[in-house]
Amino acid sequence: MKFFTIYIVSILSLTASCSSDPAQDKEKKASLSGQQLHTKPPSSFQDTMQIDFLAAVFYIPDSLQLEKIRELTDSAIFEAAMHEYFFQMRNARLSIKRDWPQLKIVEAKNVRWLLFHGKGNDSTYIDLNTRNDSHGLFLFQPGKKPHYADMMNIDTELSYYFKK
């Protein structure tokens, strides 16, 4: 009888915890986060950087864009994110210089568009305004599509993209 009572209580507890109103869940998540979701502010520049060579292209926001991001973001979160981006980019640059010295490191700062020229008419435009992360890295080898790289796993990304 004791087993049966524990079984029934367990089933009732499980049922009660699983049945929830999706509208209430969204409301709880919104109140817990205390923040609205924002997209990255657009670049103040409309220029295009053209890349037709073996490259690691780091993109960062321009100064006005960075200031807008700062205004939209809680200061502690902004500082933590900038700290994280700084160390990810530094680590990626060190790995590239050490293991892939033939790669040219390029910094795209005051541009909105990246134009990667492939072979023939095979080119790829990337609008950095559509990338919701403020900092990032694209790897490029002519004849291949550019690859958005995870800077946390830069060693794997480099060998995956360039040795394949």
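Parameters at a glance
Residues numbered from 1 in each chain as written. Predicted model: local features only at pLDDT ≥ 70, side-chain atom pairs only at ≥ 80, totals over all residues. Heavy atoms only, no water. Axes fitted to C-alpha atoms, helices over the stretch in contact; angles between N-to-C directions. Helix = DSSP H or I, 4+ residues; strand = E, 2+ residues; numbered from the N terminus. Parallel < 35°, antiparallel > 145°, perpendicular 65-115°, else oblique. Left-handed = near helix turned anticlockwise from the far one by under 90°. Contact = heavy atoms within 4.5 Å. Nonpolar A, V, L, I, M, F, W, Y, C, P; charged D, E, K, R; others polar. Buried < 20%, exposed > 50% of the residue type's maximum accessible area, 1.4 Å probe, protein only. Arc of directions from axis to C-beta. Phe/Tyr/Trp six-rings, centres within 6.5 Å; stacked < 30°, edge-to-face > 60°. Lys NZ or Arg CZ within 6 Å of the ring centre and 35° of its normal.

Engineer: Tell me what's going on with the packing of helix 4 (residues 75-99) against helix 5 (residues 154-163), and back it up with residues and numbers.
Structural biologist: It is at 10 Å that the axes of helix 4 and helix 5 come closest, and there the two elements cross at 45°. With respect to helix 5, the axis of helix 4 lies oblique. Of the two possible hands of crossing, helix 4 and helix 5 adopt the one that is right-handed. Across the interface between the two elements, N91, A92, S95, I96, R98 and D99 from helix 4 touch I154, D155 and L158 from helix 5. Its residues placed into classes, the contact of helix 4 with helix 5 shows 4 nonpolar, 2 polar and 3 charged.

Engineer: Could you give an account of helix 5, with specific residues and numbers?
Structural biologist: Listed in full, the buried residues belonging to helix 5 are I154, E157, L158, Y161 and F162. Buried residues along helix 5 cover an arc of 100° about the axis, so they all sit on one side. When the buried face of helix 5 is taken as reference, the exposed residues oriented beyond 90 degrees from it are T156 and K163.

Engineer: Any details on the packing of aromatic side chains? Residues and values, ideally.
Structural biologist: To describe a pair of aromatic rings, you give the distance between the ring centres and the angle between the ring planes. Going through the model one piece at a time under the given rule, you end up with 8 aromatic pairs. Centre to centre, the rings of W100 and F162 are 5.4 Å apart; their planes meet at 40°, and the pair counts as tilted. Pair noted here: W100 is in the loop between helix 4 and strand 3 (104-108) and F162 is in helix 5, with a separation of 62 residues, a long-range link. Of the two residues examined, W100 and F162, each falls in the buried class. Where F138 meets Y148, the ring centres are 5.5 Å apart and the plane angle is 65°; that geometry is what we call edge-to-face. With F138 in strand 6 (residues 136-140) and Y148 in strand 7 (residues 147-148), the pair connects residues that are 10 residues apart, well separated along the chain. Residue class for F138 comes out buried when judged on its relative accessible area of 4%. The lysine or arginine in question, R93, covers the ring of F58, its NZ or CZ lying 4.3 Å from the ring centre.

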